[in-house]
Every structure is written in structure tokens, then in C-alpha cells.
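Residue-level structure breakdown
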Amino acid sequence: MAEAPVLVLAGADERDLTKLAEYRAVGGYRMLEKARGMTPQEVIDELIASNLRGRGGAFFPMGRKASFVPRDTGRPTYLAVNADESEPGTFKDREIMLRVPHRLLEGCLIAAHAIQSRNVFIYIRGEYLAEFEVLRAALDEAREAGLLGDVSVVLHRGAGAYICGEETALLESLEGKRGQPRSKPPFPAVQGLYASPTLINNVETIATVPKVLELGGDEYAKIGAPPNSTGTRIFCLSGNVERPGNYELPMGISLRRLIHDIGGGVAGGRKLKAVIPGGSSFPILRADEIDVNLDADSLGAIGAFLGSGVVIVIDERCCIVELGLRVAQFYMHESCGKCTPCREGTRWMVQILRKVEEGAASQGELDLLLDVCDRVLGKCLCPLGDAAAMPIASYVTKFRDEFQAHVDQGRCPLGESSSLDGLLAPADQHASATAHGHLSIPRPSRPVAGAARGA
Amino acid sequence: MPALRLAQERYGWLSPEALVEVADCLGLTPAYCLSVASFYDMLHLEPVGDHLVEVCTNICCGLRGAEAVLEAFQRELGITVGETTNDGRVTLRAVECLGGCGWPTVVAVDGRYRLSVSVEDVPAIVHCLAAAARREREGSGG
């Protein structure tokens, strides 16, 4: 394979690209100038030619999505950037914001030009405090340098809700509401933020835009695994691997190579048990399935997904039932409660998985678990229900022996030696998903030092 | 949401009184503000300590020993997850993925990430918090 091009994170190892002067020194904001000299349609044509696809997980072609945004509606047009990175296993957007914030801003301004928007909102995950500060400093620098022109860029901080990474929930949250997804259609391109045309893209997608213009759409489309998986991805390697971290690589690299050559193999020389590509919302792969290339078509052929570029490596010490229980707890906690199959189904999954893990489940309950997954899959407004049902169903089908052993032996075969043994789910705060079903209504409690301060 | 955040920054948590204040400012009802606030994990509807320690317990950190780190915090602070120390200084929470999966275990102390935290690092973090608390006490006393 040819030397891998680094595009999105280019130059960040050598220079401090959080500074405007440094970013300009590597050609920063020149593509913005170029784009502003092009017509919006010409910019969109380049994006379509590049076949740059959404890096948030949905993999929708960005150029086509931008072309859906109607012009001259008499309403403002918005660009919303999804920086609400929350998919377990994903930590790439954080790296982009921390290391190449100006590339993200340049991408925002180019995309805003392409859809003729003067209003950009970057919805940044609430927990990302350092990232927010770096991005804010970069934005201030760009504004002072007059790069924004007549475009306003607003950084909006989230407040801790996984579901707000879903595009319509993000819009609801931006509008100051509970982050519950809307039903589609109408799609955001037609009726998004404040019922106006809105383009929503992930941080990595937007940060790739300047590079698409620099290389030209046709050249960009030759990188990676054309025609469908063009360009590079920032792969987030984590779990039981020797060298975890973010690695920007061309799409189509083999999973085995990423884990063994780049990641240094399974940590401690242990045996590989499973890999989760895409993120915790996606199906698992067994150790014997890692000879697959990381592009949408190759993964699709074996029922897996590229998702947000995640690769979670799991060694032999992990009990897959416990993994399922922890994953299901996450989705139960994060279900917004709007659609019944997801709200109730995720809780059923947790309850059954807990019984299986404790060795108290009957044979029929394994099938019941699959049945529950089936009743959630594809039956909700947003993909969160699918994101719970798909992985759980894959754990049961691919590691059926292990689930069966729990039922037969009446206990976890790995017992306390499992690497996930006893892992606690967070104390539940969502009224809609509390473990005991009670509403969390605020009431005057004993005063603590912090409460009195400033009152 | 920015208004709720501001109120929380001022009062430490969103008390019913704080929600009434936000509602009055925005021309909304307190119930509506509560419905929004209750949706988000980072908006506190109950008092929390001066300092917040949040340990990621999702799968990536979990595979690399988050449970032991959490136990170490419980031991050092003398509280269980979700509780605040008796002096009201520190609240310990277990949280979902913080997005630092390459450097487990991720612990956020007052929103600042500490990466690759191991059980051995916990006493020093708790010590730092205690020292900060002492400084604050002395600061407010003098």
C-alpha cells in the first residue's frame, strides 16, 4: 500500500495549528478564498465529485445533502455542525477540535458559502470543555482577522445527552428544548433549525472540506477505497490493544493490519476475542472475522458498519454477556423515551441480560431477548433503538455458546475474572429511564456548601 | 439551555428557586424549564459538591479497569457513587463515555479531563481536591 496521506490532521504533528498564523503557514484559509471565488454550485459539484460521505456514522454523501438545501426560500439558511461526539469508542472529533480547530472553521465557512448560509452553529458536547475553549480561541482569532465575512459562527454547548448527536434531536436542543428526535420527513435540509433549510454535518466531514477543494474532488475520490469509500478516516482504536489512539488512514485498510501492525496487537499478548467496528451501536465481529477491509462495502458484506470509525478491541477476559449488559444499560440510560419500542425495549434487554449474567435465565429467555431486539429494530423514529438492538442481537448470535453456558451452568463461566465484572452503570438521571421508574422531581434538600454560594 | 447553565454556574445546582428565576427571565414557565433541565445529565436538579469527579464507566474504559478506578475513588473519598462527601466538597459520579477512549480510564475533575488514570493515581487526585478545598476555605475565611 502506498504511503498513507494524512489530510484532516495534516501538519498537526509538526506545528501548533491551533494558532491562526501557524495554520496560515501551512496554507490555511486559502481554500476559503478559493471557494468564495467560486459559485456555490461549483463548490457543491466538487463535493459531489469527491464523494465525501458523512463521518458521523450515516455515511450520506455530503455534496448531495448540500444540494438538497433549497435556495431563495425567503428564510434564513443554517449550517449546523455536529460536534456532539458521544458514541462510545469515538474520540476523533475531539482530536480535530483540539488540534486543527481552524481547519474545522475553514470547512464551516466553505460549506456555509456552498449553501449560502450566514448562520453557522457548532453544537459541541457539554463535556468537551477544553475542546470548547480551544475552538472558541480559534474562532476569536478568525473573527478578528476578518475571515468570517458576513457569516456568524456560534458555539453552542450541549449539556450531556447522547441522543443530541442525532440530527433532529440536535436541532431541538439548539432551539432550547428537550433533545427528542423529530419524525422525518420533513428532512432538515427542507425544514431544520427554526423550520428553515438546514445542512447538518459531522466535525470530521466539515474538516475534510478544505482538503477536498485543495486536492480537487476527482483527486480526492481516488484516495481510499473508491468509489463508495473515498478519502481518509480517523480511526479511533481503543480497548485491549497495545497502542490505542487516533490514526488517520485511507479507507479500506484491513482491520487485521490496523489492530496488529498499527495498534501493536492485543495488549499483554493476550488472545483476541472480538472486535467492535463502528461504535457500540454496531454489530460485533468474532476474532476470526478480522480479515476484512475497513470500507463501507467490505464491512457491509459481512453485516458490519464503519460507523464513526471506531475499532474496539476485546480480549479473551471479557464476558460477552456482561458486555451486552453494559451496552444495553447505556442505551436504556440514553433513550429519550419518545418511542415506546426503544424506551421499553432497552429496559427489557437490560433485565433479560442481567438474568442471563446472573445465571437465572431460562432457555426461552435467550430467544425472548432476540425477539425483543427484533421488535425494536427499525420501529423507532431515530436510530437509537436500532443502535441498541443491533449489537445485542449480534452478541447473542455470534457468541451463542457463551450465552448458552450462562443458562446451562447457572452462572458466568468467567465469573469475577471477567474484565467487565461488576461495572457500574451511571446513576440514572433521566426521568424517563430511571431504574425504579420514579420521577426525579427537584425538591428542597439539605443545603450543601456549594448551594449557598452566591445566593 | 445557556440560561440554565448560567444559573447552575451561579448557584451550583438548579434549585426550584433557580428554575423560577430562569423562567421569569425567559418568559417561560418553571415547569417548562424543569422539563428541559431534567433531560440533560449535566444539569443538576439536586445539590452537588463544590467539586465534581466523574469516572467514565463505558465499555472502552471498562475493558481497561474503570471499575477498579471507581472503587479507588469510593475508598479514598469514603463515599459511594452518586454521593457527596459530608463536608459538601466532592461529588463522585459514574458517567457514560467521555470520548477519551484511547486513554482509559478517563476521569473528569470539574470538567477537566485526566487521561489514563490508574488506581495508583487516585490518591493524588483526591489529595489535590482536598488541598484546593483547604485553599478555598482559607480564602473565604481571610
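Refer to the structure printed above.
A brief look at the structure comes next.

In terms of helices and strands, chain A carries 18 helices and 11 strands. Dimensions of chain A, computed from C-alpha atoms along their principal axes, come out at roughly 70 × 60 × 45 Å. Across the 455 residues that make up chain A, the buried fraction comes to 60%. Counting only contacts in chain A whose residues sit at least 6 apart along the sequence, the fraction spanning at least 24 positions is 73%. Total accessible area on chain A is roughly 16900 Å²; 51% of this is exposed by carbon and sulfur atoms. For chain A, the distance from the average position of its 50 positive side-chain charges to the average position of its 57 negative side-chain charges is 4 Å.

Regarding its fold elements, chain B presents six helices and four strands. Going residue by residue from the N terminus, the α and β elements of chain B occur as α-α-α-β-α-α-β-β-β-α. If one aligns the C-alpha atoms of chain B with their principal axes, the spans along those axes are about 50 × 40 × 20 Å. Residues counted as buried form 58% of the 142 residues belonging to chain B. Excluding contacts between residues fewer than 6 apart, the proportion of contacts in chain B whose partners are at least 24 apart in sequence is 58%. Accessible area of chain B: about 5900 Å², with a carbon and sulfur share of 54%. Counting 11 positive and 19 negative side-chain charges, chain B places the averaged centre of each group 7 Å from the other.

Residues and elements named next belong to chain A. Considered as a void within the structure, the largest pocket measures approximately 1300 Å³ in volume. Lining the largest pocket are 50 residues; nearest its centre among them are Gly56, Gly57, Ala58, Gly165 and Pro383. When residues in the lining of the largest pocket are grouped by element, the largest group, five residues, is from strand E4 (residues 198-202). Considering only residue class, the lining of the largest pocket consists of 21 nonpolar, 16 polar and 13 charged.

The next subject is the side chain of Thr208 of chain A. Residue and element names in this part refer to chain A. Relative to the elements of secondary structure, Thr208 occurs in helix H9 (residues 203-215). A distance of 2.6 Å separates a polar side-chain atom of Thr208 from the backbone oxygen of Glu204. Contact partners of Thr208, with chain neighbours within four places excluded, come to Val8, Leu52 and Tyr220.

Summed over the entire model, instances satisfying the criterion amount to 33 salt bridges over all chains. Among the salt bridges present, the one from Glu175 of chain A reaches Lys177 of chain A, with a minimum N-O distance of 2.8 Å. Here Asp50 of chain B and Arg89 of chain B are joined by a salt bridge, their closest N and O atoms 2.8 Å apart. A residue pair is termed long-range when its members are at least 10 positions apart, and Asp50 of chain B in the loop between helix H3 (30-37) and strand E1 (51-56) and Arg89 of chain B in the loop between helix H5 (66-77) and strand E2 (90-95) qualify at 39 residues. Salt bridges sharing partners connect three or more residues here, namely Lys92, Asp93, Glu204 and Arg233 of chain A.

A few words now on unusual backbone geometry. Residues and elements named next belong to chain A. The omega angle of the peptide bond from Lys184 to Pro185 is -5 degrees, so this bond is cis rather than trans. As for its position among the elements, Pro185 is in the loop between helix H8 (167-174) and E4. Omega for the bond connecting Pro185 with Pro186 falls within 30 degrees of zero, at 0 degrees, which places this linkage in the cis form. Counting through the fold element by element, Pro186 comes out in the loop between H8 and E4. The backbone of Asp72 sits at a positive phi, close to 50 degrees, despite the residue not being glycine. As for its position among the elements, Asp72 is in the loop between helix H4 (62-68) and strand E1 (78-83). The class for Asp72 is exposed, based on a relative accessible area of 79%. Phi is positive for Ala195, which is not a glycine, with a value near 60 degrees.

Our focus in this paragraph is the sheet that holds strand E3 (residues 152-157) of chain A. Residue and element names in this part refer to chain A. Overall, parallel pairing links the four strands, which are arranged E3-E2-E1-E4 in an open sheet. Because the sheet does not close on itself, it has two edges, and the strands there are E3 and E4. Each strand axis lies, on average, 20 degrees off the axis of its neighbour in the sheet, ignoring direction. Here E1 runs beside strand E2 (residues 119-124); their pairing, made up of six bridges, is parallel. From the neighbouring strand, Tyr78 faces E2, where its bridge partner is Asn119. Sitting on the sheet, helix H7 (residues 129-144) touches E2 and E3, and the angle it makes with E3 is about 170 degrees. Packing of H8 onto the sheet brings it into contact with E1, E2, E3 and E4, and relative to E2 it is tilted by some 105 degrees.

Contact with chain B, which involves 53 residues of that partner, is made by 76 residues of chain A. Taken together, both faces of the contact between chain B and chain A bury some 5200 Å²; the carbon and sulfur share is 56%. It is Phe39, Ile59 and Leu63 of chain B in chain B that bury the most area against chain A; as a group they hold 15% of the surface buried on that side. Inspection of the region where chain B meets chain A yields two salt bridges. For Glu96 of chain B, the salt bridge identified is with Arg326 of chain A, shortest N-O distance 3.0 Å. One can count 18 residue pairs in polar contact (both at pLDDT 80 or more) joining chain B with chain A. Here the residues of the side of chain B that touches chain A are counted per class, giving 30 nonpolar, 11 polar and 12 charged.

For any pair of aromatic rings, the description consists of the separation of the ring centres together with the inter-plane angle of the planes. Tallied over the full model, the rule gives 11 aromatic pairs over all chains. With 6.1 Å between their ring centres and 45 degrees between their planes, Tyr78 of chain A and Phe121 of chain A make a pair best called tilted. One end of the pair, Tyr78 of chain A, is in strand E1; the other, Phe121 of chain A, is in strand E2, with 43 residues separating them in the sequence. On the basis of relative accessibility, which here comes to 17%, the residue Phe121 of chain A falls in the buried class. Between Phe39 of chain B and Tyr40 of chain B, the aromatic rings sit 5.1 Å apart at their centres with planes inclined by 75 degrees, giving edge-to-face as the arrangement. Using a relative accessible area of 2% as the deciding quantity, one classes Phe39 of chain B as buried. The exposure class assigned to Tyr40 of chain B is buried, which follows from its relative accessible area of 1%. These aromatic residues form a ring-pair network of at least three members: Tyr78, Phe121 and Tyr194 of chain A. Positioned above the aromatic ring of Tyr128 of chain A, the side-chain terminus of Arg125 of chain A is 5.5 Å from the ring centre.

Definitions and limits used
- Residue numbering note: each chain is counted from 1, following its sequence as written.
- Whichever chain is written first is A, and whichever ligand is written first is 1; the rest continue in order.
- Residues qualify for local features only when their pLDDT is at least 70, as the model is predicted, and side-chain atom pairs are given and counted only at 80 or more; totals for whole chains, interfaces and linings, by contrast, use all residues.
- No hydrogens and no water enter the side-chain calculation; it runs on all heavy atoms of the structure.
- A run of DSSP states H or I qualifies as a helix once it reaches four residues; a run of E qualifies as a strand once it reaches two. Both are numbered from the N-terminal end.
- Only protein chains enter the accessibility calculation, which uses a 1.4 Å probe; a residue whose area is less than 20% of its type maximum is buried, one above 50% is exposed, and one in between is partly exposed.
- Here a residue-residue contact requires only that any non-hydrogen atoms of the pair lie within 4.5 Å.
- All accessible-area figures derive from a Shrake-Rupley calculation using a 1.4 Å probe, and residue coverage is judged against the displayed protein chains alone.
- Counting rule for charge: Lys and Arg are taken as positive, Asp and Glu as negative, and neither His nor the chain ends is counted.
- By convention, the point assigned to a charge is CZ for Arg, NZ for Lys, CD for Glu and CG for Asp.
- The rule is simple: put a 1 Å grid over the protein atoms alone, call a set of points where a 1.4 Å probe fits but cannot get out a cavity, call an open set with protein on both sides within 12 Å along at least five of seven lines a pocket, and count a residue as lining if it has an atom within 4 Å of a point.
- Grid points are joined across faces, edges and corners, and a volume is the space filled by probe spheres set on the points.
- Throughout, the ten residues Ala, Val, Leu, Ile, Met, Phe, Trp, Tyr, Cys and Pro are labelled nonpolar, Asp, Glu, Lys and Arg are labelled charged, and all others, Gly among them, are labelled polar.
- Polar contact criterion, stated in full: a pair of N or O atoms within 3.5 Å, where within protein one must be able to donate a hydrogen and the other to accept it, and residues adjacent in sequence count only if both atoms are side-chain atoms.
- The term salt bridge refers to a side-chain nitrogen of Lys or Arg lying within 4 Å of a carboxyl oxygen of Asp or Glu.
- DSSP-based pairing: two strands are paired if at least 2 bridges between them are found.
- For helices, the fitted axis covers only the stretch in contact; all axes are lines through C-alpha atoms, and the angles between them, taken along N-to-C directions, range from 0 to 180 degrees.
- What gets called buried area is simply the loss in accessible area from a 1.4 Å probe that two parts show on being joined, summed for both.
- Stacked, tilted and edge-to-face are the three classes applied to pairs of Phe, Tyr and Trp rings, where Trp contributes its six-membered ring and a pair requires centres within 6.5 Å; stacked means planes under 30 degrees apart, edge-to-face means over 60, and tilted covers the rest.
- Lysine and arginine charges are scored as sitting over a ring when NZ or CZ, respectively, is within 6 Å of the ring centre and within 35 degrees of the ring normal.

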